[in-house]
Amino acid sequence: AQRVTQPEKLLSVFKGAPVELKCNYSYSGSPELFWYVQYSRQRLQLLLRHISRESIKGFTADLNKGETSFHLKKPFAQEEDSAMYYCALNDNFNKFYFGSGTKLNVKP
Amino acid sequence: KAGVTQTPRYLIKTRGQQVTLSCSPISGHRSVSWYQQTPGQGLQFLFEYFSETQRNKGNFPGRFSGRQFSNSRSEMNVSTLELGDSALYLCASSLGLASGRGNEQFFGPGTRLTVL
């Protein structure tokens, strides 16, 4: 069963515009949600996790259990935000499920 | 602290052959997970090893196997290679705490496998 869905393969926005990368999940328990980012020619790395409730590089994500969503948001996109973003779910047994990824392209 | 390393970085094999990939985790990390990354499927979980035992397994055929050594280094083996096995294989290490919560995964650079 598909655990994590990222409906957009590509998202293009202009610099300074708000950006929202969508992530929906299906899991009956209490999962842990993450956003990972992969910049060009770099390794996949953690951007943020829902339990930390922190803002990293201006990005935030709120876990909405009612809508089973964990959308990533930033009010003002920067060119350096251009990257591949993956939403991931960790079930209660340390097994990770990744979405198919969204490529964010921030145009100057 | 040295990051996760994977060897080799690139491999070219032909159908029917087998291949072994290696992953060295961050020092102190006891959990190693393997993923297959393809343009169409994204990252798909293969398996996770913790303290030399396979703790989790994804939905891949038995041709995909792995093991972990006492120093936490892990190997992944794919036998009877098929064209569809061409992919980037990533490994990730973490502390692998018992509760499984708050486990940040640190990824290696990947091994690019091409099957001809």
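Above this text is the structure in question.
This structure is a prediction, so every number in the text was calculated from the model and none was measured.

Draft legend 1. Structural context of the overall build of chain B. The secondary structure content of chain B amounts to 0 helices and 11 strands. If you list the helices and strands of chain B from N to C, you get β-β-β-β-β-β-β-β-β-β-β. In terms of overall size, chain B behaves like a compact globule, its C-alpha atoms giving a radius of gyration of 13 Å where 116 residues would be expected to give roughly 13 Å. Taking the principal axes of the C-alpha coordinates as reference, chain B spans close to 40 × 25 × 25 Å. Per-residue burial for chain B yields a buried fraction of 50% across its 116 residues. Residue pairs in contact within chain B that sit at least 24 positions apart in sequence constitute 55% of those at least 6 positions apart. The centroid of the 12 positive side-chain charges in chain B is displaced by 2 Å from the centroid of its 6 negative side-chain charges.

Draft legend 2. Geometry of the pattern of salt bridges. According to the stated counting rule, one finds 9 salt bridges over all chains in the structure shown. One salt bridge in this structure joins Arg63 of chain B and Asp85 of chain B, with 2.8 Å as the shortest N-O distance. In this pair, Arg63 of chain B is assigned in the loop between strand E6 (53–57) and strand E7 (64–68) and Asp85 of chain B in the loop between strand E8 (74–78) and strand E9 (87–94), connecting sequence segments 22 residues apart. Here Glu75 of chain B and Arg67 of chain B are joined by a salt bridge, their closest N and O atoms 3.2 Å apart. The class of Glu75 of chain B is buried, set by a relative accessible area of 16%. Linked through salt bridges whose partners overlap, the residues forming this network are Glu20, Lys22 and Lys73 of chain A.

Draft legend 3. The packing of aromatic side chains, seen in detail. What the rule picks out here adds up to 12 aromatic pairs over all chains. Both rings, one in Phe60 of chain B and one in Phe64 of chain B, keep their centres 5.2 Å apart while their planes meet at 65 degrees; by these two values the pair is edge-to-face. Phe60 of chain B gets classed as buried once you look at its relative accessible area, which sits at 16%. Look at Phe64 of chain B and you get buried, because its relative accessible area is 5%. Put simply, the rings of Phe34, Tyr36, Phe96 and Phe98 of chain A together with Tyr35, Phe45 and Phe107 of chain B touch in pairs and so form one group of aromatic residues. The lysine or arginine in question, Arg3 of chain A, covers the ring of Tyr97 of chain A, its NZ or CZ lying 5.0 Å from the ring centre.

Draft legend 4. Structural detail: the sheet that holds strand E8 (residues 72–74) of chain A. All names here are of chain A. As summarised here, the arrangement of the 3 strands in space is E3-E8-E7, forming an open sheet in which the pairing is antiparallel. The open sheet has two free edges, formed respectively by strand E3 (19–21) and strand E7 (60–61), since each of these has just one partner strand. Bridge count for E3 against E8 is 3 bridges, and the pairing is antiparallel. Paired with Val19 across the two strands is Lys74, which belongs to E8.

What counts and how
Throughout, residues of each chain are indexed from 1 in the direction in which the sequence is written. Chain letters and ligand numbers both follow the written order, the letters beginning at A and the numbers at 1. Reporting in this predicted model follows two pLDDT cut-offs: at least 70 for local features of residues, and 80 or more for side-chain atom pairs to be given and counted; totals over whole chains, interfaces and linings ignore these cut-offs and use all residues. Hydrogens and water molecules were not included; the side-chain quantities draw on all heavy atoms of the structure. Per the convention used, a helix needs a DSSP run of H or I reaching at least four residues, while a strand needs a run of E reaching at least two, with both numbered from the N terminus. Throughout, radius of gyration means the C-alpha value; the globule benchmark is 2.2 Å times the number of residues raised to the power 0.38. The buried label goes to any residue with under 20% of its type's maximum accessible area, the exposed label to any with over 50%, and the partly exposed label to all in between, with areas taken from a 1.4 Å probe on protein chains only. Note on definitions: a residue-residue contact is assigned when non-hydrogen atoms from the two residues lie within 4.5 Å. Only four residue types enter the charge count: Lys and Arg as positive, Asp and Glu as negative, with His and the chain ends excluded. Where a charge lies is defined by one atom per residue type: Lys uses NZ, Arg uses CZ, Asp uses CG and Glu uses CD. Any Lys or Arg side-chain nitrogen located within 4 Å of an Asp or Glu carboxyl oxygen qualifies as a salt bridge. Pairing of aromatic rings covers Phe, Tyr and Trp, the last counted by its six-membered ring, and requires centre-to-centre distances within 6.5 Å; plane angles under 30 degrees mean stacked, over 60 mean edge-to-face, and any other angle means tilted. Criterion for a charge above a ring: Lys NZ or Arg CZ within 6 Å of the ring centre, and within 35 degrees of the ring normal. Pairing between two strands is assigned when DSSP locates at least 2 bridges connecting them.

In short, shape yes, function no, at least from these values alone.
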